[in-house]
Amino acid sequence: MDELLGMSLEDVLSQEVTSVAKKAQHVGDAPAAVYVISQDQISRSGALALTDLLRRVPGLEVFQLQGSATSVSARGFSSRFAANLLVMVDGAAIYNTPISGMFWDQAIFPLQDIERIEVIRGPGGTLWGSNSINGVINIITKQSVDTQGLHLDVKAGARDMRGEFGYGAQLSPVLGVRVYGTYRHSKGLQFADGRDIGDKWNGALGGVRLDYAPSDSDSVVVLGELSGGRFTESRTDVAVTPSGPAEIVIGPRNTFDSEHVLARWKHIFAPDFELTGQVYFNRLYRVEVDAGVSRDLYDASLEGHWRISRMHDVNFGISGRISHDAVGSGGLVSFPSGANTDRWLTGYLQDEIALVPDTFTLTAGSKFELNNFNGFHVQPSLRMFYRHSEGLAFWGAVSRATRTSLLQQREMNANFFLWQRDKRRPQPVLTQVISFGNKHLRNESLLAFEAGMRASLSRSWSLDLSGFRNLYDKLVTADLISSEPLYVAPYTDPVGIRTLNTFRNNAKGRSWGFELLLSGQITPQWKTELSYSYLDLRIDTKTVAALSSVPSIPRDASSRHQVRVSTSYDIGDKVSLEGALHYVSRSFDAVRPGFADLDLRAAYRPLTNVEIAVSGSHLLKPRHLEYYTNYIPLPFGYVPRVVTLETRVRF
Amino acid sequence: MVYFPTLKRTGLAVIALLLSMAPWGQAQASDDSGNVKAVIIFNILRFASFPHAGRALKLCTRSNEVIARNLQALDGRSLGERRLDVVLVPSWSAGTGACDVIYTGSGDAKALPKARYGQITIGDGPSFIDRDGTVGLIDFGGQTRFTINARIARRADVRFSSQLMRLAARVIN
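Owing to the predicted nature of the structure, the values given are computational and were not obtained by experimental measurement.

Caption draft 1: Inspection of the overall build of chain A at higher detail. For chain A, the count of helices and strands is 6 helices and 37 strands. In terms of overall dimensions, chain A is globule-like: its C-alpha atoms have a radius of gyration of 24 Å, near the 26 Å expected for 651 residues. With the C-alpha coordinates aligned to their principal axes, the bounding extent of chain A is approximately 80 × 55 × 45 Å. For chain A, buried positions account for 48% of its 651 residues.

If you want it as structure tokens, here you go:
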């Protein structure tokens, strides 16, 4: 009971980490670099999007690059789709195979229905499988019985609008239901001079969730959700002018729609043995880069947790996944076979061995994965946790993780123009990139060494330090096959270069770094967090000549340093103030300068069920650049200052 | 087929082991769940302001309640400026006038003597707050959460912090 009394009420109700060990455990006992975004932090934020919440996680890089796109990555490799990070909602992966990552803009389920977000930096392959090579984000939503009554939340400003509603009810002692919905509109990014780029985004989502718990030993969740929207993409292209080819920005209008159903049953056979079965189906259609992608995803899993004895705590599971992707060819990409089906069969086994109960724990396990395009591979890990005293603990881990080769690199051909620039070449060079997929690509692999420490400095202050050394092998590269002068009609002289490329596993990488988090309370009403992260990342390609071989996800857009200070202060019970100052150093390729960001929020509660707030994001400058890369036809899109008024009501 | 008898024997052994673990496990789980419920009650009281500002806050419950022992373990704990006194009574007819908080278990708040000024009731079940209870505890899917009838609390002049209200599964305003 003393342990429970040491936790906050929110902790007692819900604060448990399931992503590290696939079982409930306290954050302080997890042998991994884990950060939990709590319900209280979500409630106090003025976030307009899920990705805004992720900015507070130490070491995570969150950069907006289009109105419809945000890059989220851990420990480097910032890219349009951040293919090294596995993202799940309630344990169901919402990672998209054909585009190798997340459509973050489509993740618009109500923020007020999120119970917590668990973010693990570092490999999670042993339990979660491929593509969790640099981290796992698990978004856990509230059960319907936790959101009874009607909730409304509307945020509106000159550039953005977000409205959420949810209605939950307990229909009987064993049955709860919630219906919910979100609408979001954003004007997108701006050019450096303040003009709108025009990459607007409009979308809506609706869903229903049923929770059925006929006994303390059984819980069933059935969830159905559908969403749709339209957005304008921003992309650079080539215009013919009398003085030569010129860079222009075009804005094709695109659409998306998605439906998914999930059913999960958990049965506790005995207090120390439980099984969870889950089935998930998602149908997605999205038009982007002139191509329509449609995907049917089927996923089924059976997982178990068995505490065999005081010494052995075992997790095991099997799962199967089928992803059928059909890609319509457009001007930029073509998919010769038209359709593709990937199949995975995976299993995992992990034993947590309490060598000295409550003091020293060793966790060993492995994931075994078989798929129809990369064959069989294993992802083992060994983790240890040592509690030196009540206020001081250490952990360490050695893991192997893999990233399967991506459909777009295996099967797709691409043909597009880039205006490439760097600090040595202020004038951009026009490059036509023609690339061909390579069916023989192998898995990328990572050998990771991690260590960490958690210390309670006093009753109200704690320190969390994580360090890592990552060794990457067989990183996918875009390799030059040939190059020639580029001729574009009606010009008679070459206007740039044309390159023919394909994908190979021709790079190795190594990185090291650390993340530091100091959190605590100055007074009971005044909470503060200070974090600093450092990243050193190097990628070596086998070929030497410039442009002859470049990593498909280069290190360029990532940053070496990030510092964040956030604070919240309550004045009585009616007023809450929040603030966060965030600094990100310049990108590794020096194209994007370092930037500082300030977010502020003031909330007033005239009644216990009403909250009115004003929020400002990116307040230090009218606009700033967060992301740019030379390898996709992306304009310089500046993230503007945003001020919104928010009203929350609960009946 | 050679492996089948072995698998069968192993399966039976596993089932036998699970069954043999159950009674001890159930007792342990019941105690754990009682502790969680008691700590949730304790935390709710930390976020409540009562009109009477005595040194002790008196929490009364019947001695035969399932979590009486878990609540008793909280006796004497500090609630900030006040101390929690847990009082076990043989039955409600023994009188509840001196209690600031009454935990009724699965009993009905309407069956209690009429709540006085500054007094709140806590009980189990999703409909507890619909029947004049102040704070309800709901067990659902092995987890416990709480609901609040803010109208009844206001009538008793007891205030709950907005932070607590945000965490409540349901609030009647």
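Caption draft 2: Structural detail: the overall build of chain B. Within chain B one finds 4 helices and 10 strands. For chain B, the α and β elements follow one another from N to C terminus as α-β-β-α-β-β-β-β-β-β-α-β-α-β. Here chain B holds 173 residues, and 37% of them are scored as buried. Long-range pairs, those at least 24 residues apart, make up 48% of the contacts in chain B between residues at least 6 apart in sequence.

Caption draft 3: A look at the sheet that holds strand 4 (residues 82-89) of chain B. Read from one edge to the other, the open sheet built from 8 strands follows the order 3-4-2-5-6-7-8-10 (chain B), with strand pairing classed as mixed. The open sheet has two edge strands with one neighbour each: strand 3 (78-79) and strand 10 (170-172) of chain B.

Caption draft 4: The interface of chain A and chain B, seen in detail. If you look at the interface, chain A gives 31 residues, while chain B gives 30 residues. Of all the elements in the fold, those that place two or more residues in the side of chain A that touches chain B are helix 1 (2-5), helix 2 (9-13), strand 11 (201-215) and strand 15 (253-270) of chain A. Class assignment of the residues belonging to the side of chain A that touches chain B gives a composition of 14 nonpolar, 9 polar and 8 charged.

Caption draft 5: Geometry of the sheet that holds strand 1 (residues 33-37) of chain A. Residues and elements named next belong to chain A. The strand order across the open sheet formed by 5 strands is 1-6-7-4-5, and the pairing between neighbours is mixed. In this open sheet, the two edge strands, each paired with only one partner strand, are strand 1 and strand 5 (92-93). Of the strand pairs in this sheet, strand 6 (residues 114-121) and strand 7 (residues 135-141) are connected by 7 bridges, and their pairing is antiparallel. By the bridge assignment, Val119 is partnered in strand 7 with Ile137.

Caption draft 6: Up close: the environment of Tyr180(A). Residues and elements named next belong to chain A. Within the secondary structure layout, Tyr180 lies in strand 10 (residues 175-186). Residue Tyr180 is classed as buried on the basis of its C-beta count, with 23 C-beta atoms lying within 10 Å. For the pair Tyr180 and Tyr167, spaced 13 residues apart in sequence, the C-alpha to C-alpha distance is 6.3 Å.

Caption draft 7: Representation of the environment of Val66(B) in the model. Residue and element names in this part refer to chain B. Mapped onto the elements of the fold, Val66 is located in the loop between strand 2 (56-62) and helix 2 (68-72). Sequence separation between Val66 and Ser106 is 40 residues, and the spatial gap between their C-alpha atoms is 9.7 Å. In this view, Val66 contacts Gly34 and Gly105; residues no more than four positions away in its chain are not counted.

Caption draft 8: Broad picture of the pairing of strand 22 (residues 375-389) of chain A. Residues and elements named next belong to chain A. Bridging between strand 21 (residues 360-371) and strand 22 involves 12 bridges; their strand directions are antiparallel. Looking across to strand 22, one finds that Glu369 is bridged to His377. Connecting strand 21 to the antiparallel partner strand 22 that follows it, the hairpin turn spans 3 residues. Two strands pair when backbone bridges link them, and strand 22 and strand 23 (residues 392-403) are joined in this way by 8 bridges, in the antiparallel orientation. Considered in strand 23, the bridge of Tyr386 is made with Phe394.

Caption draft 9: Looking closely at the nonpolar core. Residues and elements named next belong to chain A. Val34 and Val119 are the most contacted members of the largest nonpolar core, which has 61 residues in total. The element that contributes the greatest number of residues to this core is strand 1, accounting for 5 residues. For Val119, the contacting residues outside a window of four places in its chain are Val34, Tyr35, Val57, Leu60, Gly135 and Ile137.

Caption draft 10: Summary view of the pairing of strand 6 (residues 120-124) of chain B. Residue and element names in this part refer to chain B. Most of strand 6 is tucked away: 5 of the 5 residues are buried. Every second residue of strand 6 is oriented toward a common face, with Ile120, Ile122 and Asp124 on one face and Thr121 and Gly123 on the other, all of them buried. Note that strand 5 (residues 101-105) and strand 6 share 4 bridges and pair parallel. Within the sheet, the bridge partner assigned to Val101 lies in strand 6 and is Ile120. Pairing analysis gives 3 bridges linking strand 6 to strand 7 (residues 135-140), with the strands arranged parallel. Within strand 7, the position partnered with Asp124 by the bridge is Leu137.

Caption draft 11: The arrangement of the confidence of the model for chain B in detail. Residue and element names in this part refer to chain B. Residue-level pLDDT values for chain B average 80, and 80% of them are 70 or greater. Taken as a whole, residues 1-8 scores under 50 in pLDDT and shows 0 contacts with residues more than four places along the chain or in a different chain. Across residues 10-27, where pLDDT falls below 50, the model places 10 contacts with residues more than four positions away in sequence or in other chains. Scored as a complex, the prediction yields pTM 0.89 and ipTM 0.78.

Caption draft 12: Local environment of unusual backbone geometry. Residue and element names in this part refer to chain A. Across the junction of Ala489 and Pro490, the peptide omega takes the value 10 degrees, indicating a cis bond. Looking at the secondary structure, you find Pro490 in the loop between strand 27 (461-486) and strand 28 (496-523). A positive phi angle, near 40 degrees, is found at Val289, a position not held by glycine. If you trace the backbone, Val289 turns up in the loop between strand 16 (273-288) and strand 17 (291-307). Unusually for a residue other than glycine, Asp290 sits at a positive phi of about 65 degrees. Relative to the helices and strands, Asp290 is located in the loop between strand 16 and strand 17. Take Asp290: there are 17 C-beta atoms within 10 Å of it, and that puts it in the partly exposed class.

Caption draft 13: Quick look at the environment of Leu210(A). Residue and element names in this part refer to chain A. Within the secondary structure, Leu210 sits in strand 11. By C-beta crowding, Leu210 is classed as partly exposed, having 16 other C-beta atoms within 10 Å. In this structure, the C-alpha to C-alpha distance between Leu210 and Gly224, residues 14 residues apart in sequence, is 9.1 Å. Dropping the residues within four chain positions of it, Leu210 is found in contact with Ser144, Val177 and Val222.

Quick notes on the rules
- As a convention, each chain's residues are numbered from 1 in the sequence order in which they are written.
- Both sets of labels track the order of writing: A upward for chains, 1 upward for ligands.
- With the structure being a predicted model, the display of local features is reserved for residues of pLDDT at least 70 and the display and counting of side-chain atom pairs for 80 or more, all residues being used for whole-chain, interface and lining totals.
- Here a helix means four or more residues in a row that DSSP labels H or I, a strand means two or more in a row labelled E, and each is numbered from the N terminus.
- Radius of gyration: over C-alpha atoms. The globule rule applied is 2.2 Å multiplied by the number of residues raised to the 0.38 power.
- Three exposure classes are used, all based on how many other C-beta atoms lie within 10 Å of a residue's own C-beta (placed from the backbone): buried at 20 or more, exposed at 12 or fewer, and partly exposed between those limits.
- It is the C-beta atoms, placed from the backbone, that decide contacts: two residues are in contact if theirs lie within 7 Å.
- For two strands to be treated as a pair, DSSP must find no fewer than two bridges joining them.
- For this classification, the nonpolar set comprises Ala, Val, Leu, Ile, Met, Phe, Trp, Tyr, Cys and Pro, the charged set comprises Asp, Glu, Lys and Arg, and every other residue, Gly included, is treated as polar.
- Structurally, a nonpolar core is described as a collection of buried Ala, Val, Leu, Ile, Met, Phe, Trp, Tyr and Cys residues joined by way of C-beta atoms within 7 Å.
- Confidence scores labelled pLDDT are given residue by residue by the predictor and lie between 0 and 100.

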